[in-house]
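# A closer look at the structure
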Number of protein chains: 2
Amino acid sequence: VNEKITTGTVNRSTLSGIGLVSVLNDNSSRKVACLHGKVASDGNDGQLCDAVIILEKKPFDQNNLQQLLSKKTKLTVDLQNDIYSTFTAFPPPELSDIKATIICPATEKHIRKYTKQKSFIVQETASDYQNITLPYLEKQIAANVFNIQWVFNILEHKVESERIIYEDPDKENGFILLPDMKWDRVDKTALYVIAIPHKRGLRSLRDLSAEHIPLLENILTKGLAVIEEKFGLKSSELRVYFHYQPSYYHLHIHFNNVELDMPGTGALRAHLLADVIENLTLSGNYYRNKTFTFELRENDNLYLEFQRCGKV
Amino acid sequence: VNEKITTGTVNRSTLSGIGLVSVLNDNSSRKVACLHGKVASDGNDGQLCDAVIILEKKPFDQNNLQQLLSKKTKLTVDLQNDIYSTFTAFPPPELSDIKATIICPATEKHIRKYTKQKSFIVQETASDYQNITLPYLEKQIAANVFNIQWVFNILEHKVESERIIYEDPDKENGFILLPDMKWDRVDKTALYVIAIPHKRGLRSLRDLSAEHIPLLENILTKGLAVIEEKFGLKSSELRVYFHYQPSYYHLHIHFNNVELDMPGTGALRAHLLADVIENLTLSGNYYRNKTFTFELRENDNLYLEFQRCGKV
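Everything quoted here is computed from the prediction, not taken from an experiment.

## Topic: the domain arrangement of chain A
Splitting chain A by domain gives domain 1 (1-58 + 99-115), domain 2 (65-96) and domain 3 (119-308). In this structure, domain 2 of chain A and domain 3 of chain A have C-alpha centres spaced 45 Å apart.

Right, here's the structure in full:
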C-alpha cells in the first residue's frame, strides 16, 4: 500500500489515524466537541501520542448562503405540516467546514483543561469571606500565583500604553480604559472594554463602600461618554458590570455591547455597576455584608477551600 | 431539460430553487441562520412565494465521531505552532447534516418573527414604574392582552393538575411547583421547574416587601427539598431566580439546573431568590424603590411606552 501513515500533526491532510479515546466535553448549543485521541507520533517510532482535538462547527458564511440553497444540498424530510416543513440537509463538504484544533502531544494538564468540569453554586457570607476567601487570596498572592504586576504595568504605562483608549490620571477617582483581549477594536458590535481604577488595594466588589461612590460614578459617566464619542455606542447599548468572583483581584469593570451573547454575564457572576452604586448609596457596607451566590468549578482551588471548611 | 422544477416544500429533495432575499438573523455562536427567500409556489402558476428558511448546524453526534476522525475528512492547515495546530476540516456530507426548517408561504408576520430585533437597555425608576410600566400593565390586563386566567386555572386545579410536582395549599405562603414547558420531566440535567404562589395580586418583584419574606423563604426551602427528594439535585446544583420584566404578571420563581446554558439567566433579567430575600431583609421596600436595569426589544410595546415618555 502506497498510503503514507499519518502521524502527529505534521503534513496532516486528513483526520485519519486518530483513535477516539473519549469525549471530554460536548457543547450541543454551541456545536463544539473536545475529544481525547491517540495519534501515531511524528517521530515514526511506532509510539502513540495523546492528543486533544477540539472541533467546532463554523457559523454560516453569509457569502456562501446562495450556494447552500442549491441542488448541491440534498434533503431528507423529517416532518411536513401545513406551511411548516422540517428537513435534514446535507451540504457538500466545501460548505460544511469545521474548525479543528489539535494539541499533540497533549499532557495530562491539557486533557484536564478541556474536560467538562461540573459547576457548583457556593454562598459566601461576610464571615466566609473573612475566614475562607480572603486568607486564600492572600496565600495565593504571597505565593505569586495571583500576580497582578501586569495590571500595575498598565497603570504605570510600562506596557500596552498604545492600547489605552482613555485615561483619567486622578489617583483617587481616575482610571484607564482599554480594550479587552477578546475585542479587535474595530467591530463595534463586539465592543468590549475594561476600566481599571488607578487606586490600589481594591481587590473586588467586596472591598467597596460608600466612600467609593465618586470613583464608581466617575468611571460610569466618563466611560460611557468616551465609548459613545469614540465608538458610537450609547449607554442603552452597553452592559456595564463587575464580576464576582473576578478573574483577577484588582478592581475592574466590564463594558460591552448588550447584543453580545457571552459567558460571564449571568446573574451568578455579573453585578451591574448601576446596581452597585445604588446599593452602596442605600447601605455603605452593602457589599461587605452581602452573602454572594456564585458558581465555582469543582476543580477550582477556591471551591476546594470551601469544601475543606465544610461549607459545600 | 429533464429537471423537475422545485416548488414550495412538496416533494423537495434538495435546497434548489430558493432565491436568497436577505439574512433575517444570524447567531454565530449557536450557528443558526434565518433567511428570507423566494420559492416557486407549489401551485405551478409561476408565482414566487415568500419563505422563511431556518438553518441550524447540528451538534456533533457522539456515535459518528470516529468516522469523522478518518481520511474522509480533508484538512487545510491554518496555523502550526509547536504542539498546537489549527485546521479547516471538510467532513463528508453524511457527517455534516444541518437542520433546515422551511415556512412557505410565509407572511409578513413570520418574517418579522425571525428578524433580529435590536435590544436596548432601559432603566426603570420607582416613579417610571408608577407612571409608565404600571399604567401600561393595567391597560394590557383590562384589554385582556396580558391574560393570566391560565395561571388561576392551574392554581385552582382546573387544568394541568396531573403535572403538579408539589403543592403547599396555604393561601398566604403556599405555592404550586410544576415543570416548565421546556422540560421533559425526565432528563435531570435539563431540570426546569416553576413555583407559582397561591397568593393573588403580586404581579412581580416590584410588588414584594418585607411582609413577603415568609412566602419567599417557604418557596425556597420547600422547593429545594422537593427537587432534591424527587429529582436528586441539590441546592448547589440549582439556579433559583425571578425575571424582571417577567413574561407574565403573576409572581413566579424559576428553578433550573445550573449546568443549563439558557437565555433569561443574565444579570439584566435574572434576580436570585437568595438575594431578593436578603435585600428585603435589609430594606422592606428595596424592590419598590429600586431602579431596575433591563433589556427590551425595540418592537416591545413596553419599550415603545418608555420611548413615548421620553425615557429612552
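## With respect to the pattern of salt bridges
Scanning the model with the defined rule gives 44 salt bridges over all chains in all. Put simply, A:Lys118 and B:Glu237 hold a salt bridge, and the shortest N to O gap is 2.8 Å. On the criterion of chain membership, the pair formed by A:Lys118 in the loop between helix 2 (108-113) and strand 7 (119-124) and B:Glu237 in the loop between helix 5 (213-231) and strand 11 (238-243) is interchain, its members lying in two chains. Accessibility expressed as a relative area gives 29% for A:Lys118, which makes it partly exposed. Close ionic contact of A:Lys311 with A:Asp128 constitutes a salt bridge, the shortest N to O distance being 3.3 Å.

## Structural notes on the relation of the copies chain B and chain A
Once turned by 180 degrees and shifted 0.3 Å along the axis, chain B lies on chain A with an RMSD of 0.6 Å. A rotation of that kind, with that shift, is consistent with a two-fold axis. In this assembly, 100% of the residues forming the interface of chain B have copies in chain A that are likewise at the interface, indicating an isologous arrangement.

## Notes on the sheet that holds strand 6 (residues 98-103) of chain B
Taken in spatial order, the 6 strands of this open sheet run 4(A)-5(A)-6(B)-3(B)-2(B)-1(B), and their pairing is antiparallel. Edge positions in the sheet fall to strand 4 (74-81) of chain A together with strand 1 (18-27) of chain B, since each of these pairs with one other strand and no more. Each strand axis lies, on average, 25 degrees off the axis of its neighbour in the sheet, ignoring direction. As judged from the 9 bridges shared by strand 2 (residues 32-40) of chain B and strand 3 (residues 48-57) of chain B, these two strands associate in the antiparallel manner. The residue of strand 3 of chain B that forms the bridge with B:His36 is B:Val52.

## Describing the pairing of strand 11 of chain B
Residue and element names in this part refer to chain B. Of all 6 residues that make up strand 11, 6 are buried, and the element is covered over most of its length. Going residue by residue along strand 11, you find Leu238, Val240 and Phe242 tucked away on one face and Arg239, Tyr241 and His243 tucked away on the opposite face as well. In terms of strand pairing, strand 11 meets strand 12 (residues 253-257) through 4 bridges, oriented antiparallel. Across the sheet, the residue bridging to Leu238 is Asn257, located in strand 12.

## Looking at the confidence of the model for chain A
All names here are of chain A. Of all residues in chain A, 96% have pLDDT values of 70 or greater, and the mean over the chain is 92. Long-range and interchain partners of residues 1-5, a stretch whose pLDDT sits below 50, account for 2 contacts in this model, where long-range means more than four residues apart. The ipTM assigned to the predicted complex is 0.82, against a pTM of 0.83.

## Topic: the pairing of strand 10 (residues 192-197) of chain A
All names here are of chain A. Counting buried positions along strand 10 gives 6 out of 6 residues, so the element sits mostly inside the fold. The alternating pattern of strand 10 places Tyr192, Ile194 and Ile196 on one face and Val193, Ala195 and Pro197 on the opposite face, and all of these are buried. Of the strand pairs in this sheet, strand 9 (residues 175-179) and strand 10 are connected by 5 bridges, and their pairing is antiparallel. In the sheet register, Leu178 faces strand 10, and the bridge partner there is Ile194. Inspection of the sheet shows strand 10 paired to strand 12 (residues 253-257) by 4 bridges, in the antiparallel sense. When the sheet's bridge partners are listed, Val193 is paired in strand 12 with Phe255.

Cut-offs used in this document
- Residues numbered from 1 in each chain as written.
- Chains lettered and ligands numbered in written order.
- Predicted model: local features only at pLDDT ≥ 70, side-chain atom pairs only at ≥ 80, totals over all residues.
- Heavy atoms only, no water.
- Domains from an automatic or database assignment.
- Salt bridge = Lys/Arg side-chain N within 4 Å of Asp/Glu carboxyl O.
- Helix = DSSP H or I, 4+ residues; strand = E, 2+ residues; numbered from the N terminus.
- Buried < 20%, exposed > 50% of the residue type's maximum accessible area, 1.4 Å probe, protein only.
- Least-squares fit on C-alpha atoms with pLDDT ≥ 70 in both.
- Contact = heavy atoms within 4.5 Å.
- Pairing = 2+ DSSP bridges.
- Axes fitted to C-alpha atoms, helices over the stretch in contact; angles between N-to-C directions.
- pLDDT = per-residue confidence, 0-100.

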